[in-house]
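# A look at the structure
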Amino acid sequence: MKGQEWYQADDVAAEYDDKRFSQGGQLIDRREKEAVLDAIMPVEGRNVLEIACGTGRFTVMLAERGADVVGLDISAAMLQQGRKKAQSATLEGTLEFLRGDAGRLPFPDDHFDTVIAMRFFHLADDPEAFLREMRRVSRDQIVFDTFNRFSARSVYNWALPMGSRLYSKSEVSVLLAKTDLTLVDVEDDFLAPYGLYRSIPNRLATAIRTLDETVGGHPVTDHFASVSYWNTRVR
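Being a predicted model, the structure only gives us computed values, none of them experimental.

The rules behind these values
- Residues numbered from 1 in each chain as written.
- Predicted model: local features only at pLDDT ≥ 70, side-chain atom pairs only at ≥ 80, totals over all residues.
- Heavy atoms only, no water.
- Pairing = 2+ DSSP bridges.
- Helix = DSSP H or I, 4+ residues; strand = E, 2+ residues; numbered from the N terminus.
- Axes fitted to C-alpha atoms, helices over the stretch in contact; angles between N-to-C directions.
- Contact = heavy atoms within 4.5 Å.
- Phe/Tyr/Trp six-rings, centres within 6.5 Å; stacked < 30°, edge-to-face > 60°.
- Buried < 20%, exposed > 50% of the residue type's maximum accessible area, 1.4 Å probe, protein only.
- Core = buried A, V, L, I, M, F, W, Y, C linked by side-chain atoms within 4.5 Å.

## Points about the sheet that holds strand S5 (residues 138–147)
The 7 strands lie next to each other as S3-S2-S1-S4-S5-S7-S6, forming an open sheet whose pairing is mixed. Two strands lie at the open edges of the sheet, namely strand S3 (95–99) and strand S6 (181–189), each paired on one side alone. Between one strand and the next, the sheet's axes are offset by a mean angle of 15 degrees, whatever the strand orientation. Packed on one face of the sheet, helix H3 (residues 25–40) meets strand S4 (112–117), S5, S6 and strand S7 (227–234) and runs near 155 degrees to S5.

Next comes the structure, spelled out in structure tokens:
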């Protein structure tokens, strides 16, 4: 996986949420959580694994709504931030954080109802292998996102500390076919790149977001969206 040393640093973990999900980044956080909830509702009682759970944004949210969740990440520093977040939350379900490798998941076959991986595939060296491993431990559903090749993200991709793997829709479709997953739904969003939203105040970001949603509501512009949210079922 790209950028493992950078990602596991204590200072990166401590600042991760503030750098990415403050100011206009709050809009990104809100939309990503909405995409996850839309895909897996109803949440209550569902057995969920999140791969690359980071600071627990999604794991805590799902456990608050009654899911039984395991969050797995390679970074001990990120997991520590997740545990702190969970301590101040009211959990209706259960939540466990584990350190582990997404390429060798420490669970038996068909162990979870749903496996999710957000902000992960752009770092994957072998996306097919990772998706196969996710498929192995899921008996029902896999939800993930990808950054898109034909988007504004490609312009500044070189400046990111870990780089990004960008995907076309056809590349992801081939991955799904190879791993025996059936596409239920895909949503495309954010014509303006994430970096722009994170760098400006929330009020200005909200205005840009309104324009983004208006323009991005047309099928033609979907091809230029920064991110796609994929909801798939196990065959």
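After that view, the rundown keeps rolling.
## Things to note about the packing of aromatic side chains
What the rule picks out here adds up to 8 aromatic pairs. Consider the rings of Phe 120 and Phe 121, whose centres lie 5.5 Å apart with planes at 85 degrees: the pair is edge-to-face. Its relative accessible area of 2% is what places Phe 120 among the buried residues. The class for Phe 121 is buried, based on a relative accessible area of 1%. Relative to Phe 144, the ring of Phe 121 lies with its centre 4.8 Å away and its plane at 40 degrees, an arrangement referred to as tilted. With a gap of 23 residues between them, Phe 121 in the loop between S4 and helix H6 (127–137) and Phe 144 in strand S5 connect regions that are remote in the sequence. Judged by relative accessible area, which is 2%, Phe 144 ranks as buried. Through successive ring pairs, a cluster of aromatic residues spans Phe 120, Phe 121, Phe 130, Phe 144 and Trp 230.

## Remarks on the nonpolar core
Formed by 31 residues in total, the largest nonpolar core has its most connected members in Val 36, Ile 40, Leu 62, Phe 190, Tyr 194, Tyr 197 and Tyr 229. For this core, the secondary-structure elements that each account for two or more residues are helix H2 (10–21), H3, helix H4 (57–64), S5, helix H9 (194–198) and S7. At 7 residues, H3 tops the list of elements feeding residues into this core. Setting aside residues up to four positions removed in sequence, Phe 190 forms contacts with Leu 27, Ile 28, Arg 31, Tyr 197, Arg 209, Asp 212, Ala 225, Ser 226, Val 227 and Tyr 229. Ranked by size, the runner-up nonpolar core spans 27 residues in total, among them Ala 117, Leu 131, Tyr 167 and Leu 181.

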